[in-house]
Amino acid sequence: MPSDHNLIVYRPELSWGGFFGVWREMIRNVVSSRGLSWRLFVRDFSVRYKQTLLGPAWAVLTPVITVAAFMALNQSGVMSLGTSSIPYPVFAMVGLTVWTLFSGGLIGASRSLVQASSFISKIRFPREALVLSSQGTVLVDFFIRAVLTAIVFAWHGVAPQWTILLVPVVLVPLVLITLGIGLGLALVNAVVRDIENGVTVVIGLFFFLTPVMYPPPTEGFVARLAAYNPLAVIIQSVRDLVFVGALSQPIELAVVTVFALALFLASWRTFFMLESLVAERI
Amino acid sequence: MTDSLIAVRAAQVSKKFARRLKHSVRYGLQDMARTSLGFGRNSNRLRREEFWAVRDVSFELRRGEVLGLIGANGSGKSTLLSMLNGIYRPDDGEIAVRGRVAALIQIGAGFHPMLTGRENIFVNGAILGMSKAEITNKLDAIVDFAGVGEFIDLPVKHYSSGMYVRLGFSIAAHLEPDVLLVDEVLAVGDAEFRAKSMERMWRMVKDGAVSIIFVSHNMLAVEGFCDRILLLDRGQAQSGPKSELIARYCGDHVGRRHERIAGDAREKLVAPIVDSSVATGDLEVRSIRITDGHGIEKEYFRPSDALQVQIELNAQRRLEGVIASLVIEDPNRLVISVERSKYHGAPPFTFEGQEKLLITIDPLNLKSGAYFLRTAFQDPTLESVYCLGPSTIFRVADEMPNPSGHEGFYRPNLSWKHERGGEKSE
């Protein structure tokens, strides 16, 4: 019997044979595009620091300057960062490293489709590959910053708890949230470019509203917001694992993880259903 | 689609677009919201400010067949190709494609200017769906065919536009597709590469390995290369015999040229705009025949042959002082010659009722190729146009070699003489 596996049919409405058929197709799509995602990542990465003088030093320079700025604000009394037994640079570097995994990932994802618009409208390939590959450079930055953080730890003679080894587990919901929001924003940004500007503004706002550079406050508006802010929970959990050795918000973290997974799956499915509508509007 | 000999089948395929970006954005968000909530898009109906870019197009393409898509700019050719390529989802109808599709739609799309040619081959190959092993295997062949030489390890931003296109074509051509979509790409690149890429496509077709859908404004290429033709006219397809469709397209083309998008760079090269609607209709061309010098109909000529155009006319009323014009154009509608009877010493014509006009060109002095010939009849002041005749095609087959593929149109009567010594001979 001649197989028809290489027959592709295009119709106005997609049908993949029911609820589970869609998931099967979605997974197949991502699996088949893993080589391409890797290629695109290698491409983005290898051109990233071309025609720059400082090159990869930028990945180190940005957090150092941010932390230094906050220290200066604290010293001059403009802003109080609270007191803690942990040296401030150590404390801030942990928060900032985790935060930039989210902020960088979100900005990268939301721009990923529009940046590739010239070939989205010319070549057919799984668009997921663009969003995935956009996360590659963010991950590399994350590792560079993790190394920088380790150096700051050593400099101040602070030793982390052994539970630091569990940090990657806590970062899974963070990545799921990033992709969950990022996949959706990438699609909408392809149609309305407001997203790109909006994302930068909102992320800047949340950077200050989330206890990234300061310890979580116990009262006031930010404290109440932090209770509902999944990012605050994740960053707090990472600090717990690094400095304390036990989670202070285990239930909150569990809720956030379930929320992150649901958000990611819903967003991925929506992306898959809508990606073929993007080319004509981009 | 059970018949495995059919490579592509389009059934009543339609695609709509919004006229303005504002509506496109709004409808885009609307469609996304509806689809993600599980409602249908009702895509087969037009909303305000939408139009059908492609409407109810149906065709079948068998394996090893070449289908030509012709039509004016904006007639829907590229939109149709994009749907066949899976980039746009049809708004109505259905498309089935068997096997791997490669599109030479915009060559080099996805090239990164900072990366070397070699690195770009890997990226572009992956985007087109090749595995790493496959690309590695074909790397030498791709580089060799592209003919970019040692430039392969330089960033492509230093490439000339020709090299850029050659590399892009070479990657896509080595994809070994089952269906190849080609859109006007061969208009770029030098003559040698054009010939080389046509030859490669031709060989792929002859091997029965590939089916091609070929979009071009070059009627010579379309006529020579395609088995069948589909003429798109404002999104709707017409099929029929090749020569008839080409003639219809070329005839339409002249009249419709004023509707074409302004700023089209080619516009500057083509004929001065002649709008068929300006013709008063006092005169009618009943038939036009291209013959040898003795009145025998003929299609192929040699450069040294004589060509005689025989035109049968019907004047609705008595017309005095009519001036006839003869226009010869190349297949891209580039004007080669416009000749008016009054500058050739012909007396102004007086037409009444049935008339016959003979125009003789002797010798033709044209090189190999297809040419279009049309006529116009005007009043003595050249202010009003009585009639624009239809386009007629004739071909010249030149016995002399034409190594670069394109060495102009004009074959002068010339002789070569060598005089020894140059200045010494006083």
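In short, a report on the structure.

Parameters at a glance
- Residues numbered from 1 in each chain as written.
- Chains lettered and ligands numbered in written order.
- Predicted model: local features only at pLDDT ≥ 70, side-chain atom pairs only at ≥ 80, totals over all residues.
- Heavy atoms only, no water.
- Helix = DSSP H or I, 4+ residues; strand = E, 2+ residues; numbered from the N terminus.
- Contact = heavy atoms within 4.5 Å.
- Areas by Shrake-Rupley, 256 points an atom, 1.4 Å probe, with all protein chains shown as cover.
- Pairing = 2+ DSSP bridges.
- Axes fitted to C-alpha atoms, helices over the stretch in contact; angles between N-to-C directions.
- Buried area = accessible area lost by both parts, 1.4 Å probe.
- Salt bridge = Lys/Arg side-chain N within 4 Å of Asp/Glu carboxyl O.
- Nonpolar A, V, L, I, M, F, W, Y, C, P; charged D, E, K, R; others polar.
- Phe/Tyr/Trp six-rings, centres within 6.5 Å; stacked < 30°, edge-to-face > 60°.
- Buried < 20%, exposed > 50% of the residue type's maximum accessible area, 1.4 Å probe, protein only.
- Lys NZ or Arg CZ within 6 Å of the ring centre and 35° of its normal.

1. Description of the overall build of chain B
- When you go through chain B residue by residue, the secondary structure sums to eight helices and 17 strands.
- Taking contacts inside chain B between residues at least 6 apart in sequence as the whole, the part at least 24 apart equals 73%.
- About 20,300 Å² of surface is accessible on chain B, with carbon and sulfur atoms providing 50% of the total.

2. A short note on the sheet that holds strand β1 (residues 7-10) of chain A
- Strand order in this open sheet of four strands is β1(A)-β4(B)-β1(B)-β2(B), and the pairing throughout is antiparallel. Here the strands that pair on one side only, and so sit at the sheet edges, are β1 of chain A together with β2 (50-62) of chain B. Pairwise comparison of adjacent strand axes, ignoring direction, gives a mean angle of 20 degrees for this sheet.
- Sheet topology places strand β1 (residues 6-18) of chain B next to β2 of chain B; nine bridges connect them, and they run antiparallel.

3. What about the interface of chain A and chain B?
- Taken together, the 40 residues of chain A in the interface contact 49 residues of chain B.
- A buried area of about 4,000 Å², summed over both sides, lies between chain A and chain B, and 61% of it is on carbon and sulfur atoms.
- Summed over the shared surface of chain A and chain B, the result is three salt bridges.
- At the level of elements, β1, α2 (34-48), α5 (117-120), α7 (167-191) and α11 (250-274) of chain A are the ones that each hand at least two residues to the side of chain A that touches chain B.
- Top element by residues in the side of chain A that touches chain B is α2 of chain A. It accounts for six residues.
- In the side of chain A that touches chain B, the residues fall into 22 nonpolar, seven polar and eleven charged.
- Inspection of the sheet shows β1 of chain A paired to strand β4 (residues 92-98) of chain B by four bridges, in the antiparallel sense. Note that in β4 of chain B the partner of I8 of chain A across the bridge is V97 of chain B.

4. Some details on the packing of aromatic side chains
- For the structure on display, the rule yields 21 aromatic pairs over all chains.
- Taking the centre distance of 5.9 Å and the plane angle of 5 degrees together, the rings of F153 of chain A and F243 of chain A count as stacked. Here F153 of chain A, found in helix α6 (residues 128-156), pairs with F243 of chain A, found in helix α10 (residues 230-244); they are 90 residues apart in sequence, far enough to count as distant.
- Its relative accessible area of 15% is what places F243 of chain A among the buried residues.
- Centroid distance F151 of chain B to Y159 of chain B: 6.1 Å. Interplanar angle 90 degrees. Geometry classified as edge-to-face.
- Y159 of chain B sits in the buried class, given a relative accessible area of 8%.
- Among the aromatic residues, those joined into a ring-pair cluster are F70, W99, F102, F207 and F208 of chain A.
- The ring of F125 of chain A carries the charged tip of R127 of chain A above its face, separated from the ring centre by 4.8 Å.
- Here R55 of chain B stacks its cationic end above the ring of W52 of chain B, 4.1 Å away from the centre of that ring.

5. Here we look at the environment of N120 of chain B
All names here are of chain B.
- Looking at where N120 falls in the secondary structure, it is placed in helix α3 (residues 117-127).
- Separated by 174 residues in the primary sequence, N120 and H294 place their C-alpha atoms 60 Å from one another.
- Excluding anything up to four places from it in sequence, N120 contacts G110, F111, H112, L115, G125, V156 and I171.

6. Quick notes on unusual backbone geometry
- Note the cis peptide between D362 of chain B and P363 of chain B, where omega equals -5 degrees.
- Tracing the chain through its elements places P363 of chain B in the loop between β14 (349-361) and β15 (369-378).
- Located in the positive-phi region is Q51 of chain A, a residue other than glycine, with phi close to 60 degrees.
- Tracing the backbone shows Q51 of chain A in the loop between α2 and α3 (57-75).

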